[in-house]
Amino acid sequence: HKHQTRHKVPLFMVIVFVMLRMICIEGNIASGKTTCLEYFSKTSNMEVLAEPVSKWRNVRGHNPLALMYQDPTRWGLTMQTYVQLTMMERHLSAKSKAGPVCMMERSIFSAKYIFVENLYKSGKMPEVDYVVLTEWFDWITTNLYMPISLIVYLQASPETCYERLKQRCREEEKVIPLDYLRSIHQLYEDWLINQSSFKLPAPVLVIPADEDLPAMLRRYEESRDRVLTSGN
Ligand code: DGT
């Protein structure tokens, strides 16, 4: 009877998810994830889950994103708690969508493995905050079923991202130095390429992302079949 009690997730949920592909687009800040998502949403039959950045900039009149950049030690936990909630909501909302393929920007995994890790490792997050977030993350990922079929990694150099960041002029991001993008890049490389930090939740498809927009759109077109069918 052992195997009957091993799974915490009901069998019917597993069956629903086997039929559904969830693709997560990963990459540094300003690596072009939104463009990639828009491209596939316009040219393929798939559901794209809305970006939560607007929520991070305005939750009942507060802006945790801006606060986090102004004073990461004070507001890092606040921001990451809210990011974790909005990411979890999005992973779970895939269940109620009609389409068989779903795409989302980033994931609850990169929020933890990249951003929380960066705050902690750079000495900006107290250990007790890190531990509490980790307990939440472990509980969520153990008890809720949020499978991913494929991670698409837009691999851009930190210098490219820095240029794109300056061009788009998002108010909150004016304080981001190149070194911050370098740290985020290294954490992504260790997770998705070197596979030396955290367990992968899905197979990874790498798309080099340093080229200009028309070239990137061609690349997405070329990768379409692999994006839509690789993974499990
Ligand atoms: P894109 O389309 O590749 O240019 O992507 P962005 O930059 O529009 O969107 P994204 O997801 O990289 O991030 C939006 C902002 O939120 C950016 O300033 C980075 C920040 N951010 C995203 N996720 C997290 C997180 O988990 N923690 C922290 N501290 N910041 C985050």
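Our subject in this report is the structure included herewith. These numbers come from a predicted model, not from an experiment.

### Details of the sheet that holds strand β3 (residues 101-105)
Part 1 of the argument: Spatial strand order, β2-β3-β1-β4-β5: 5 strands in an open sheet with parallel pairing. Strands at the two margins of the open sheet, each flanked by one partner only, are β2 (47-48) and β5 (204-208).
Part 2 of the argument: Looking at chain direction, strand β4 (residues 150-155) and β5 are connected through 5 bridges and run parallel. Paired with L154 across the two strands is I207, which belongs to β5.
Part 3 of the argument: Here helix α3 (residues 33-43) sits on the sheet and contacts β1 (21-27), β2, β3 and β4; the angle it forms with β3, its principal contact strand, is near 160°.

### Points about the packing of α3 against helix α11 (residues 213-229)
Part 1 of the argument: Look at α3 against α11: their axes get within 10 Å of each other, and the N-to-C directions meet at 60°. Of the possible angle classes, the one that applies to α3 and α11 is oblique. Crossing angle aside, the handedness with which α3 passes α11 is right-handed. Counted together, T35, C36, Y39, F40 and T43 of α3 and L213, L217, Y220, E221, R224 and V227 of α11 form the full contact between these two elements.
Part 2 of the argument: For the contact of α3 with α11, the class distribution of residues is 7 nonpolar, 2 polar and 2 charged.

### Some details on the site of the ligand
Part 1 of the argument: Taken together, the neighbourhood of the ligand is formed by 21 residues, with T34, Q80, R106, R168 and E173 sitting nearest.
Part 2 of the argument: Here S31 contributes a backbone N or O atom positioned 3.2 Å from an oxygen atom of the ligand.
Part 3 of the argument: In isolation the ligand exposes 620 Å². Once the protein is present, 97% of that is buried.
Part 4 of the argument: Mapped by element, the contributors of at least two residues to the shell around the ligand are α3, α4 (53-57), α5 (64-70), α6 (72-93) and α7 (108-121).
Part 5 of the argument: Among the residues making up the shell around the ligand, the classes are represented as 11 nonpolar, 4 polar and 6 charged.

### Brief notes about the packing of aromatic side chains
Part 1 of the argument: For the structure on display, the rule yields 12 aromatic pairs.
Part 2 of the argument: Taking 6.1 Å as the distance between ring centres and 55° as the angle between the ring planes, the aromatic pair formed by F40 and Y220 counts as tilted. Here F40, found in helix α3, pairs with Y220, found in helix α11; they are 180 residues apart in sequence, far enough to count as distant. The burial state of F40 is the same as that of Y220; both residues are buried.
Part 3 of the argument: For the pair Y69 and Y180, a centre-to-centre distance of 6.1 Å together with 75° between the ring planes defines the contact as edge-to-face.

Reading the values: rules and limits
- Residues numbered from 1 in each chain as written.
- Predicted model: local features only at pLDDT ≥ 70, side-chain atom pairs only at ≥ 80, totals over all residues.
- Heavy atoms only, no water.
- Pairing = 2+ DSSP bridges.
- Helix = DSSP H or I, 4+ residues; strand = E, 2+ residues; numbered from the N terminus.
- Contact = heavy atoms within 4.5 Å.
- Axes fitted to C-alpha atoms, helices over the stretch in contact; angles between N-to-C directions.
- Parallel < 35°, antiparallel > 145°, perpendicular 65-115°, else oblique.
- Left-handed = near helix turned anticlockwise from the far one by under 90°.
- Nonpolar A, V, L, I, M, F, W, Y, C, P; charged D, E, K, R; others polar.
- Near = heavy atom within 4 Å.
- Polar contact = N/O pair within 3.5 Å; in protein donor to acceptor, adjacent residues only side chain to side chain.
- Areas by Shrake-Rupley, 256 points an atom, 1.4 Å probe, with all protein chains shown as cover.
- Phe/Tyr/Trp six-rings, centres within 6.5 Å; stacked < 30°, edge-to-face > 60°.
- Buried < 20%, exposed > 50% of the residue type's maximum accessible area, 1.4 Å probe, protein only.

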